[in-house]
Amino acid sequence: MPKWLDNAIFYEIYPQSFRDTNADGIGDFPGILEKLDYIRDLGCNALWINPCFASPFGDAGYDVSDYYRAAPRYGTNEDLKRIFDEAHRRDIRVLLDLVPGHTALDHPWFKASMLAEKNPYTDRYIWTDNIWERPDGLDCLRGISDRDGACAVNFFSHQPALNYGCYKVEKSWQQPMDAPGPRATLEAMKDVMRFWLRLGCDGFRVDMAGCMVKNDPERRGTILLWQEVRAFLDREFPEAAIISEWGEPDKSLEGGFHMDFLLHGGPSHYDDLFRCEEPFFSGRGRGDASKFAAQYEKYMEQTGGKGLICIPSGNHDTERLAPALQGGELKLAFAFLLTMPGAPFIYYGDEIGMRYVEGLTSVEGGYHRTGARTPMQWDGSINAGFSAAAPDRLYIPLDGDPDRPNVQAQMADLGSLYHEIKRLIAVRQAHEALQSGGGIRFVFAQENRCPLAYIRTGGGESLLVILNPSLEMVSFPGAFAPSGSVYCFGGEAKFNPGLVTAPPCSAGIYRL
Ligand code: GLC
Ligand code: CA
């Protein structure tokens, strides 16, 4: 496990919406360079940049047409290298987004694969034997090639699935993982990784990592595939890190990923905390963190320190925390995110409470996700300092709320979410117990009850974290006699014999 993950705190950049420096309405690499100091000042020491490769942008770049070339609208490969270099000068690591499962329709591999004549790319994608046969259990694309066959797709119908083989081979068109076609695909993807790692990136967030191998209900084949990739990285790039979009750490970490995300949807109950009818972090205090905690403990047991389980504040695929959560609720949500094990991920703009914007027309395959991808709000100037383009030329319209938050205003206000997060990051970085690999034990996580309390351990220290999002004072049984607090928001808890009482809307970290 690369050492730098021990205290890594990631910041996710959606490049098209971050900062536009040439007034074309779309964020770009120079914009990222310009804001590296901002990211370091916030306290983040790692980046995840969403796909920034050549693409027709039918799915915001998750449809790659050239894995070796930066998308011209963001800049050049040299600009990207400058981001790696300048980030490293600031002790910031950079993960790129690898989309190994599918390409765009106009990728040269796919164009060749569509030809009726056999060629080196015939088996690069998953095709059935004839146009009338659909690939079982998969969506497919039909009728656009001379080649007879239906081609499996992974997500949108313009994202044909690359062929890594099938775990169970039951049909004539299914190929085993060790057939020449699937082997060549995997080697091609290792070459892509080599290329960017040699240029200076520090690893990859891996898109849809859990469904590479098909007809693989238990994911055994996919696990084997990633184990091979991990062995390759350990040999050639031992400092590189990979994190999976998978959401089942018991499987992904076995597959060799250093980290996996807990995702919206999926079995983790992540949504119970932030994004459901009654989220745990809502001040109404009607939410439930118990199922999350139980599942989390189970994952910790199953993975036994093999890698990190990472909890993101949000991402480009889901609604933002705000406006469903506001004010102190957001601060408490971050007190949680920044005191849990694993490397935290902050989605750009979440550090100022940027809002999910309802009702936007879809942009580049965003659909309901578009509202979570609006331009970063830097200041109170035109276009919130995102771009000097005419407002109607922005990639996605800005949040139109006159009270929309911005970085400049929050930096000037010590009571802002921005400053609370900065404080929390500083506390995390001062205490090994709170970092990626520290232990965790939940001491209070009862159904439909507040607070949530847990003990983090590491570096010879035990820290008790108590989070009470509700607007009521709450108590729970526990015999603790802390020697002091290392962080407190909304007032300190009272420790009476056998009973702990936490003030309304409060977060505290206490030294045991
Ligand atoms: C992942 C990405 C998402 C994309 C999809 C297809 O879920 O996060 O944005 O649309 O994969 O690549
Ligand atoms: Ca631009």
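Located above this text is the structure these notes cover.
This text gives an overview of the structure that appears in the document. (Residues numbered from 1 in each chain as written. Chains lettered and ligands numbered in written order. Predicted model: local features only at pLDDT ≥ 70, side-chain atom pairs only at ≥ 80, totals over all residues. Heavy atoms only, no water.)

Looking at the overall build of the chain
Here is step 1 of the chain: Of regular secondary structure, the chain possesses 12 helices and 20 strands.
Here is step 2 of the chain: What you see for the chain is a C-alpha radius of gyration of 23 Å, in line with the 24 Å of a compact globule of 512 residues.
Here is step 3 of the chain: Taking the principal axes of its C-alpha atoms as reference, the chain extends roughly 80 × 50 × 40 Å.
Here is step 4 of the chain: Taking all 512 residues of the chain together, the buried fraction comes to 61%.
Here is step 5 of the chain: For the chain, contacts bridging at least 24 residues in sequence account for 66% of all contacts bridging at least 6.
Here is step 6 of the chain: In the form shown here, the chain has an accessible surface area of approximately 18900 Å², with 50% of it arising from carbon and sulfur atoms. (Helix = DSSP H or I, 4+ residues; strand = E, 2+ residues; numbered from the N terminus. Rg over C-alpha atoms; globule rule 2.2 N^0.38 Å. Buried < 20%, exposed > 50% of the residue type's maximum accessible area, 1.4 Å probe, protein only. Contact = heavy atoms within 4.5 Å. Areas by Shrake-Rupley, 256 points an atom, 1.4 Å probe, with all protein chains shown as cover.)

What about the environment of Phe195?
Here is step 1 of the chain: Here Phe195 is to be found in helix H5 (residues 180–199).
Here is step 2 of the chain: Separated by 143 residues in sequence, Phe195 and Cys52 have C-alpha atoms that sit 15 Å apart.
Here is step 3 of the chain: Residues contacting Phe195, with those up to four places away along its chain left out, are Tyr68 and Asn77.

Side note on H5
Here is step 1 of the chain: Here H5 spans 29 Å end to end across 20 residues, near enough to the 28 Å set by a 1.5 Å rise per residue.
Here is step 2 of the chain: Taken as a whole, H5 has its buried residues at Gly181, Pro182, Thr185, Leu186, Ala188, Met189, Lys190, Val192, Met193, Arg194, Trp196 and Leu197. (Expected span 1.5 Å × (residues − 1).)

Some remarks on the site of ligand 1
Here is step 1 of the chain: Contacts to ligand 1 come from Asp59, Tyr62, His102, Phe155, Arg205, Asp207, Met208, Glu245, His316, Asp317, Arg369 and Arg373.
Here is step 2 of the chain: Within the complex, the protein chains bury 96% of what would otherwise be the 310 Å² of accessible surface of ligand 1.
Here is step 3 of the chain: The cavity where ligand 1 resides is the largest pocket.
Here is step 4 of the chain: Residue classes in the shell around ligand 1 are distributed as 3 nonpolar, 2 polar and 7 charged. (Near = heavy atom within 4 Å. 1 Å grid on protein atoms, 1.4 Å probe; cavity = no way out; pocket = protein on both sides within 12 Å on 5 of 7 lines; lining within 4 Å. Sits in = over half its atoms within 2 Å of the grid points. Nonpolar A, V, L, I, M, F, W, Y, C, P; charged D, E, K, R; others polar.)

Topic: the sheet that holds strand S19 (residues 499–502)
Here is step 1 of the chain: Ordered by their spatial adjacency, 3 strands build an open sheet running S16-S19-S18, and the pairing between neighbours is antiparallel. Each end of this open sheet is capped by a strand with a single partner; those strands are strand S16 (474–477) and strand S18 (494–496). Taken over all neighbouring pairs, the strand axes of this sheet differ in orientation by 20 degrees on average, direction set aside. (Pairing = 2+ DSSP bridges. Axes fitted to C-alpha atoms, helices over the stretch in contact; angles between N-to-C directions.)

Topic: the sheet that holds strand S5 (residues 93–98)
Consider a sheet: its strands pair through backbone hydrogen bonds, and that pairing is either parallel or antiparallel.
Here is step 1 of the chain: Strand order in the open sheet formed by 8 strands is S11-S10-S9-S8-S5-S2-S1-S12, and the pairing between neighbours is parallel. Two strands bound the open sheet, and with one partner strand each, they are strand S11 (308–310) and strand S12 (345–347). Ignoring strand direction, the axes of neighbouring strands in this sheet form an average angle of 25 degrees.
Here is step 2 of the chain: Inspection of the sheet shows strand S2 (residues 46–49) paired to S5 by 4 bridges, in the parallel sense. The residue bridging Ile49 from the neighbouring strand is Leu96, located in S5.
Here is step 3 of the chain: Set on the sheet, helix H3 (residues 77–89) makes contact with S2 and S5; between it and S5 the angle comes to about 145 degrees.

Points about the coordination of the calcium ion (ligand 2)
Here is step 1 of the chain: Protein coordination at the calcium ion (ligand 2) comes from Asp20 (OD), Asn22 (OD1), Asp24 (OD), Ile26 (O) and Asp28 (OD), with a distance range of 2.2 to 2.4 Å.
Here is step 2 of the chain: Counting gaps between the donor residues of the calcium ion (ligand 2) yields the pattern D-x1-N-x1-D-x1-I-x1-D.
Here is step 3 of the chain: A residue is classified by how much of its surface remains accessible, and Asn22, at 47% relative accessible area, is partly exposed.
Here is step 4 of the chain: Relative accessible area serves as the criterion here: at 3%, Asp28 is assigned to the buried category. (Donors = N, O, S within 2.8 Å, 3.2 Å for Na, K, Ca; no water.)

Quick word on the side chain of Ser282
Here is step 1 of the chain: Summarising the element assignment, Ser282 is placed in the loop between helix H8 (270–274) and helix H9 (290–303).
Here is step 2 of the chain: Setting aside anything within four residues of it in sequence, one finds Ser282 in contact with Leu325, Glu329 and Pro469.

Overview of the packing of aromatic side chains
Here is step 1 of the chain: Tallying each qualifying case throughout the model produces 36 aromatic pairs.
Here is step 2 of the chain: Each ring, one from Phe57 and one from Tyr74, has its centre 6.1 Å from the other, and the planes form 85 degrees; the classification is edge-to-face. In this pair, Phe57 sits in the loop between strand S3 (53–54) and strand S4 (66–70) while Tyr74 sits in the loop between S4 and H3, placing the two residues 17 residues apart along the sequence. Tyr74 carries the same exposure label as Phe57, and that label is buried.
Here is step 3 of the chain: With a centroid separation of 5.0 Å and 75 degrees between ring planes, the pair formed by Phe495 and Tyr510 is classed as edge-to-face. Pair noted here: Phe495 is in strand S18 and Tyr510 is in strand S20 (residues 506–511), with a separation of 15 residues, a long-range link.
Here is step 4 of the chain: Looking at Phe495, the relative accessible area reads 23%, which means it is partly exposed.
Here is step 5 of the chain: Taking relative accessible area as the criterion, Tyr510 reaches 2% and is therefore assigned buried.
Here is step 6 of the chain: Feature note: the residues Tyr270, Phe274, Phe280, Phe281, Phe292, Tyr296, Phe336, Phe442 and Tyr454 constitute an aromatic cluster, connected by ring pairs.
Here is step 7 of the chain: Over the aromatic face of Trp109 sits the side chain of Arg124, whose NZ or CZ is 4.6 Å from the ring centroid. (Phe/Tyr/Trp six-rings, centres within 6.5 Å; stacked < 30°, edge-to-face > 60°. Lys NZ or Arg CZ within 6 Å of the ring centre and 35° of its normal.)

Concerning the packing of H5 against helix H6 (residues 220–236)
Here is step 1 of the chain: It is at 11 Å that the axes of H5 and H6 come closest, and there the two elements cross at 35 degrees. Where H5 crosses over H6, the handedness of that crossing is right-handed. Mapping the contact onto sequence places Arg183, Leu186, Glu187, Lys190, Met193, Arg194 and Leu197 in H5 and Leu225, Glu228, Val229, Phe232, Leu233 and Glu236 in H6. (Left-handed = near helix turned anticlockwise from the far one by under 90°.)

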